[in-house]
Amino acid sequence: MPTLEANTSLSAAPATPQPERTPDPCIVVIFGASGDLTKRKLLPALYHLEQAGLLPKDFAVVGVARRPLEESFAPDMKEGIVAGGGVEESDPKLAPFVDRIQYHAMNFDDPSGYDALKTKLAELDNKYNTCGNRLFYLATAPEYFSDIVNYLGEHGMAKPDVETAPNGCKVWVRTIIEKPFGHDLNSAKALNDEVNKVFSEDQIFRIDHYLGKETVQNILVFRFANGIFENVWNRNYIDHVEITAAESIGIEGRGPFYETAGALRDVVQNHVMELLSFVAMEPPVSFEASAVRAEKVKVWKAITPIHPADTVRGQYGPGIVDGKPVIGYRQEDRVHPRSQTETYAALRLEIENWRWAGVPFYIRAGKRLAKRVTDITIQFKQPPLLLFKDQQGKGGEGVKPNVLSMRIQPDEGITLRFGAKIPGPSMNIGTVNMDFSYAEAFGKSSANGYERLLLDAMLGDGTLFAHRDGVEATWALMTPILEAWKKDPVKDFPNYAAGTWGPSAADALLESEGRKWRKL
Ligand SMILES: NC(=O)C1=CN([C@@H]2O[C@H](COP(=O)(O)OP(=O)(O)OC[C@H]3O[C@@H](n4cnc5c(N)ncnc54)[C@H](OP(=O)(O)O)[C@@H]3O)[C@@H](O)[C@H]2O)C=CC1
Ligand SMILES: O=C1O[C@H](COP(=O)(O)O)[C@@H](O)[C@H](O)[C@H]1O
């Protein structure tokens, strides 16, 4: 398809760090520090902040987990930072950063471990001048969230000891809580109640790493910093919206976790619902946390209950991914051989408000699909007078609806598809693209989404974090689906081969309305 290049003068504007946003001195305490997330994402993200000069000078990291890893933890994290991309072993900032990585072995359900941790943090405050400021990151399995929070409260670690440190800085304690935040509406409410007993809402940062992705934040910039798009961003001009979160990887050894989760809980309730809220929300009155969160919650609350007939479940069987044979979900390690867990979910939903009434939103998310791609497709309505309708099949493609594609990953960018006259004596129409590529305009970024969110939490800015109301609103949408699915076991699992685009029922969901998933 021909491509019209976007204005390349953009390449003159490199991504600029914002050094004025350097946080107060602090210690980041990571519970679950020997886990996959810490090594692959969190430490590389913290180091990227250090490289960009965005960490405070007085700073330390304390990893907390069960095994005695005092000797190996810091070198292991160094390995993760280097493997995470874009960092050389010889990078001059690396060794001093690794020197500030500490480890504390304890069992999360052993109260004495918290006393020892408290003492250790106080010692580190003296050593590193970190003023008593703490960011507790709960990177653990969700069953530990409420225990850790309660023990922090009982051991006097959830509130600052003093309001102001000797150097005059205001002392703060905050917590980042990983997903999944609950496994249905009731458990999410119960967890919110537990956490709110110990921490006030402004101390709590419920993380969804999709909100840290540049391309996700750019949805808001695209919509609200550009006058031309917002005018057509409504039911008068938009035919339907598709959101795809496709992964080619499987469950990567996370069998026990995934068996209790499934695609709806793992990805749709959080990442996909966040994407949907950014696409559908009204302009907030400001870019303040409370204003943005309020508009997102309004969107979720305006979604009409999703009928089970508008949902599709899938589970992958053996297949070929990237040219290599892979096993099916039921053959994965620690997965039940007759598992009913869905590795794919598709939904059709409607948002009943002034802007969106009657516009279907189609959502799909799954593992072991044909490729890794997260995309939002906005398909516009055809013009009312199809002046060129007779040109179809006369050497051109004929009139096709305009499509705006927001590519969240991996090939980050935005494409607008439109019809153009094919040069020649007839009015033949071809489809062309106007294309914006992040990498071409701003250079390739190694950021993984956690950088921005860790920085914001250290700064106390909750705009890109989930709020209690939001978490409960999205669970309120998902819980009836989960209950309906539980009552109605699937007989034909596995119903898609690894490396394909999911079950055929997901195609039927759109075909019954005369539509098709856009080919990605
Ligand atoms: N991995 C990922 O890509 C993503 C993960 N997440 C979320 O992040 C969280 C962590 O995930 P992940 O890193 O994969 O988890 P892992 O299973 O890899 O790590 C679990 C960690 O918890 C520690 N741990 C478990 N039980 C105890 C205990 N009783 N006492 C002390 N430490 C304990 C383990 O320590 P030890 O090794 O010493 O037993 C280990 O450090 C989860 O909530 C997950 O949903 C979210 C998005 C992506
Ligand atoms: O939270 C999760 O997200 C990842 C996908 O994240 P991405 O940044 O690679 O798109 C998913 O693989 C994992 O199952 C889920 O827990």
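As the structure is a computational prediction, the values presented were derived from the model and not from experiment.

## Topic: the site of ligand 1
- Taken together, 23 residues are adjacent to ligand 1, and S34, D36, R67, T140 and K179 come closest.
- G35 is positioned with one of its backbone polar atoms (N or O) 3.2 Å from an oxygen atom of ligand 1.
- R66 places a side-chain nitrogen or oxygen 2.9 Å from an oxygen atom of ligand 1.
- Burial of ligand 1 by the protein chains amounts to 83% of its free accessible area of 900 Å².
- A per-element tally of the shell around ligand 1 places helix α1 (residues 36-51) first, with three residues.

## Here we look at the domain arrangement of the protein
- Domain parsing of the protein yields domain 1 (26-178) and domain 2 (214-446 + 462-512).
- Centre-to-centre separation of domain 1 and domain 2, based on C-alpha positions: 35 Å.

## Topic: the UniProt feature "domain: Glucose-6-phosphate dehydrogenase NAD-binding" (unreviewed entry) in the protein
- The feature "domain: Glucose-6-phosphate dehydrogenase NAD-binding" (unreviewed entry), as annotated in UniProt, sits at residues 29-218 in this numbering.
- Taken as a whole, residues 29-218 contains 42% helix and 15% strand, while its terminal C-alpha atoms sit 30 Å from one another.

## Focus: unusual backbone geometry
- Omega for the bond connecting Q409 with P410 falls within 30 degrees of zero, at 0°, which places this linkage in the cis form.
- In this structure, P410 sits in the loop between β16 (403-409) and β17 (413-421).
- In this structure, the amide linkage connecting F493 to the following residue, P494, adopts the cis form with an omega of -5°.
- Residue placement: P494 occurs in the loop between α14 (468-487) and β19 (496-497).
- Its identity as a non-glycine residue notwithstanding, E252 has a phi of 50°, on the positive side.

## Examining the site of ligand 2
- Taken together, K179, H209, Y210, K213, E247, R254, D266, H271, K367, R372 and Q409 make up the full set of residues near ligand 2.
- The contact in question runs from an oxygen atom of ligand 2 to an N or O atom on the side chain of D266, over 2.6 Å.
- Between ligand 2 and Q409 there is a distance of 2.7 Å, counted from an oxygen atom to a side-chain nitrogen or oxygen.
- Look at ligand 2: alone it shows 390 Å² of surface, and the protein chains cover 85% of it.
- Tallied by class, the residues present in the shell around ligand 2 amount to one nonpolar, three polar and seven charged.

Parameters at a glance
Residues numbered from 1 in each chain as written. Chains lettered and ligands numbered in written order. Predicted model: local features only at pLDDT ≥ 70, side-chain atom pairs only at ≥ 80, totals over all residues. Heavy atoms only, no water. Near = heavy atom within 4 Å. Polar contact = N/O pair within 3.5 Å; in protein donor to acceptor, adjacent residues only side chain to side chain. Areas by Shrake-Rupley, 256 points an atom, 1.4 Å probe, with all protein chains shown as cover. Helix = DSSP H or I, 4+ residues; strand = E, 2+ residues; numbered from the N terminus. Domains from an automatic or database assignment. UniProt positions renumbered as here; feature names shortened; annotations may be inferred. Nonpolar A, V, L, I, M, F, W, Y, C, P; charged D, E, K, R; others polar.

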